[in-house]
Amino acid sequence: MAAFVDRVVVHVAAGNGGHGVASVHREKYKPLGGPDGGNGGDGGDVVLEVDPSVHTLLDFHHRPHQRAANGRPGAGSNRHGANGEDRVLHVPEGTVVSVGGEVVADLVGAGTRVVLASGGRGGLGNAALANPRRKAPGFALLGEPGESFDAVLELKSVADVGLVGFPSAGKSSLIAAMSAARPKIADYPFTTLVPNLGVVRAGDVVFTMADVPGLIPGAATGKGLGLQFLRHVERCAVLVHVVDMATLEPGRDPESDIEALERELAEYGGEELDLVGRLRVAVLNKIDVPDGRELVDLVRSGLEARGLQVFPVSAATGEGLTELGYALAAAVAEYRAALPAPERTRVTLTPRAVDDSGFTVTHDPDDETFTVHGVKPERWVRQTDFTNDEAVGYLADRLNRLGVEDELTTLGAQEGDTVVIGDVAFDFQPSLPAGTPMAEETAGLGGRGTDSRIDAPHRVRAAERLAAKRARRMPYEMAETWSDDDLPGDGDAPADDDA
C-alpha cells in the first residue's frame, strides 16, 4: 500500500439544486389562499482547503469520488428547501489543481480555500413566480444540476531548501541529521521514493528543507522517477547538490555529477524557472569514509570555479553541519528579503458591455440548425419542466423578452427550423411579442397562469351565487309554470305524423 501520493485524479460532483414546488394554499374559509410553493435549496459546493496537518494526497487515492450534498426540494406553506452541505477536501500546501489540462488553482498558505465545483441553484416555487399578471402560477422551476468533472491534484513540495543529487548520495541522512525528520534510511541500492520535509533552525532563521527523490540522467524526459522528482524542486528558493564522496561507480566523480544535474535542471525548467540559478551550494557528503577527505581537496577548486559554495560534511558524525546550516539560513534570508512586499487583494469589477445581449446565436446552414449560447438561456432551459405546458410558455416569454426570437428572425430562421439551446432542441414557432394580449385574454377568459376568480372586479354576492346555481339547474327544472288548460284533453286527436 502506498504511503505517499503526490498525484491523483479526483472525480468531483457538486450537489444538485432542489426543485421548486407548485402549491396552492388550502385552508377552511379561505378559498383563494393563493400560491404558497417554496423554493428549492442550493446544492453544496466541492471546496479545496489547505490543511497544514495534511502532507499527502493519499486519502484521494483511496477515495477518488467526492460528491457534495444535494439541495432539498421546496414544500407548500412557503417552506423552502435546505441548502446542500459543502464537501470540503483538505489538501496539503503546494497542491496544484488542473482541469482539462489547464491549471485552475495553486494552493499555497494555510487556510487557503477555492471552490472547485459549484453546486446547482435551487428552483423557484410558484409563490416566487407570482406577479400581478400571473397571480396563480401552476408550475415551478426545476433545480439546476451541479458541476461534475475530473480534476487532477498534483503536489509540489513547498520548501526553502531542496536537497538534490544522485541516488544514495546521503540526502535522507543529511535531513535527518539537521532536523527532527526521521526518513527511512538504510543501505539501499535505489533512491528514496517519497519526499521528506524537515524544519531547520540556524540562529534566528527557521527554514524548511526537502529531501526529494534522487536524480538520474534523462530525468527531464521522464526517465526513472523523472518529472515526479523535478516537480518538487520548482518552489525551492535554494537548491543544494549533495555529492557522494564514497561512490565506487565507474565513470562518476563530483564534477561529472554536477554537470549532469545542471543539464537536467536546465532542460526541465528552462529560463522561466531558472533552476540552475538556484543551485548555489555543493555539499560533499561522507567525508568520514577512507579517502573521502583527500578527494575533497581535489574537487573543491573546480566546484568553486562554478560559483558554488563548498561544504565538506559528514551526516554520520555531524562534522560541518553547523556551518552548512548557517550558510543555508543566510541564503534563505537573502531570498526572502528580495521578495516584493505582499499587495492587498483588490476586487476587480468588470461591468457588462453596453452591446452585450447575454447570448449569441450561430447558424449551421448545412442542416438549418440555429444554436443559442448564453448563460441565461441555457440556465432557463435547465430549470424548465417540459411536461408542464405553462412552464414551457413561461420559458418562451423569457426568451422572447431577452431578444432571442428577434435575433433568430434577423438571422433568417423560418417556422419549423430547429433551434438548439443547451441539450434541448425546439421547432422555431414565432410568437407574439411579450406583453401582447393573447386570444384568451382578448375574449375575457384570462391568460396563461391567471385566475378569473381573482381577476373579478368585485366579490361575488350571495344573490349572484344563487342565480348562478339556478342557471346551472335549468335543464332539470321547468322553466315555466303550466296550467291544466295547457295540457291535452281526452277528445283531442293525436297529431298525424303523415299530415
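Residues numbered from 1 in each chain as written. Predicted model: local features only at pLDDT ≥ 70, side-chain atom pairs only at ≥ 80, totals over all residues. Heavy atoms only, no water.

Per an unreviewed UniProt entry, the protein chain carries the name GTPase Obg and comes from Geodermatophilus normandii. Per its UniProt entry, the protein chain bears the Subcellular location (unreviewed entry) comment "Cytoplasm". (UniProt positions renumbered as here; feature names shortened; annotations may be inferred.)

Caption draft 1: Spatial organisation of the nonpolar core. Among the nonpolar cores identified, the biggest contains 26 residues, and Val 161, Leu 174, Phe 207, Met 209 and Leu 324 are the most heavily contacted of them. The set of elements that each furnish at least two residues to this core consists of strand E9 (161-164), helix H3 (171-178), strand E10 (196-202), strand E11 (205-211), strand E12 (238-244), strand E13 (279-285) and helix H8 (321-338). At seven residues, the largest contribution of residues to this core is made by H8. The contact partners of Val 161, leaving out residues within four places of it in the chain, are Phe 207, Thr 208, Met 209, Ala 210, Cys 236, Val 238, Val 240, Leu 328 and Val 332. Counting 22 residues, the second largest nonpolar core, distinct from the first, contains Leu 57, Phe 60, Ala 105 and Leu 116. (Core = buried A, V, L, I, M, F, W, Y, C linked by side-chain atoms within 4.5 Å. Buried < 20%, exposed > 50% of the residue type's maximum accessible area, 1.4 Å probe, protein only. Helix = DSSP H or I, 4+ residues; strand = E, 2+ residues; numbered from the N terminus. Contact = heavy atoms within 4.5 Å.)

Caption draft 2: Inspection of the UniProt feature "binding site: Mg(2+)" (unreviewed entry) in the protein chain at higher detail. In the UniProt entry, the feature "binding site: Mg(2+)" (unreviewed entry) is given for Ser 172 and Thr 192. Mapped onto the elements, Ser 172 comes out in helix H3. Take Ser 172: its relative accessible area is 8%, and that puts it in the buried class.

Caption draft 3: Region of the structure containing the packing of helix H9 (residues 375-382) against helix H10 (residues 389-402). Remark: H9 packs on H10, axes separated minimally by 10 Å, with the N-to-C direction vectors making an angle of 175°. Considering their axes alone, H9 and H10 lie roughly antiparallel with respect to each other. Contact residues: H9 offers Pro 377, Trp 380 and Val 381, while H10 offers Leu 395, Arg 398, Leu 399 and Leu 402. Looking at the contact of H9 with H10 residue by residue, the classes come out as six nonpolar, no polar and one charged. (Axes fitted to C-alpha atoms, helices over the stretch in contact; angles between N-to-C directions. Parallel < 35°, antiparallel > 145°, perpendicular 65-115°, else oblique. Nonpolar A, V, L, I, M, F, W, Y, C, P; charged D, E, K, R; others polar.)

Caption draft 4: Seen up close, H10. The end-to-end C-alpha distance of H10, which contains 14 residues, comes to 20 Å, matching closely the 20 Å that a straight helix rising 1.5 Å per residue would cover. Within the sequence span of H10, burial applies to Glu 390, Ala 391, Gly 393, Tyr 394, Leu 395, Arg 398, Leu 399 and Asn 400. The secondary structure elements touched by the buried residues of H10 are helix H2 (126-129), H9, helix H11 (404-410), strand E17 (418-421) and strand E18 (424-427). With a side-chain oxygen positioned 2.9 Å from the backbone nitrogen of Glu 390, the residue opening H10 is Asn 388. (Expected span 1.5 Å × (residues − 1). Polar contact = N/O pair within 3.5 Å; in protein donor to acceptor, adjacent residues only side chain to side chain.)

Caption draft 5: Quick look at the environment of Asp 385. Among the structural elements, Asp 385 can be located in the loop between H9 and H10. On the basis of relative accessibility, which here comes to 25%, the residue Asp 385 falls in the partly exposed class. A sequence separation of 245 residues divides Asp 385 from Ala 140, and the C-alpha atoms of the two residues are 7.8 Å apart. Side chain to side chain, Asp 385 and Thr 387 meet in a polar contact 2.6 Å long.

Caption draft 6: Quick peek at the pairing of E12. Extensive coverage of E12 is indicated by the burial of seven of its seven residues. Neither face of E12 is exposed, since Val 238, Val 240, Val 242 and Asp 244 on one face and Leu 239, His 241 and Val 243 on the opposite face are all buried. Relative to E12, E9 is paired through four bridges, and the arrangement is parallel. Of the residues in E12, the one forming a bridge with Gly 162 is Leu 239. (Pairing = 2+ DSSP bridges.)

Caption draft 7: Summary view of the sheet that holds strand E5 (residues 95-99). Taken together, the five strands give an open sheet; going across it, the order is E3-E1-E8-E5-E6, and neighbouring strands pair in mixed fashion. Two strands lie at the open edges of the sheet, namely strand E3 (65-67) and strand E6 (102-107), each paired on one side alone. The average undirected angle you get between the axes of adjacent strands in this sheet is 30°. Bridge count between E5 and E6: five bridges; the pairing is antiparallel.

Caption draft 8: Seen up close, the packing of aromatic side chains. A full pass over the atoms with the stated rule returns two aromatic pairs. Ring geometry for Phe 139 against Tyr 394: centres 5.1 Å apart, planes inclined by 45°, an arrangement best described as tilted. Here Tyr 394 lies in helix H10 and Phe 139 lies in the loop between H2 and strand E8 (148-155), a separation of 255 residues in the sequence. With a centroid separation of 5.8 Å and an interplanar angle of 45°, the aromatic rings of Phe 386 and Phe 426 are classed as tilted. Within this pair, whereas Phe 386 is found in the loop between H9 and H10, its partner Phe 426 is found in strand E18, the two being separated by 40 residues in sequence. (Phe/Tyr/Trp six-rings, centres within 6.5 Å; stacked < 30°, edge-to-face > 60°.)

Caption draft 9: Fine view of the pairing of E10. A one-sided burial pattern is seen for E10, the buried positions being Asn 196, Gly 198, Val 200 and Ala 202 and the unburied ones Leu 197, Val 199 and Arg 201. Pairing between E10 and E11: seven bridges, direction antiparallel. By the bridge assignment for E11, Leu 197 is matched with Ala 210. The turn linking E10 back onto E11 is made up of two residues, and Gly 203 within it adopts a positive phi angle of 70°.

Caption draft 10: Structural view of the sheet that holds E18. The strand order E15-E16-E17-E18 describes an open sheet built from four strands, whose pairing is mixed. One side of each edge strand has no neighbouring strand; the edge strands of this open sheet are strand E15 (360-364) and E18. Each adjacent strand pair in this sheet contributes to an overall mean axis angle of 25°, direction not counted. Across four bridges, strand E16 (residues 369-373) lies against E17 in parallel orientation. Within E17, the residue paired with Thr 369 across the bridge is Thr 418.

Caption draft 11: Quick peek at unusual backbone geometry. Positive phi is not limited to glycine here, since Tyr 29 has a value of about 70°. Take Tyr 29: it is sitting in the loop between strand E1 (7-13) and strand E2 (46-50). Classification of Tyr 29 by relative accessible area gives exposed; the value is 73%. Positive phi, close to 65°, is recorded for Lys 286, a residue that is not glycine. Within the secondary structure layout, Lys 286 lies in the loop between E13 and helix H7 (292-305).

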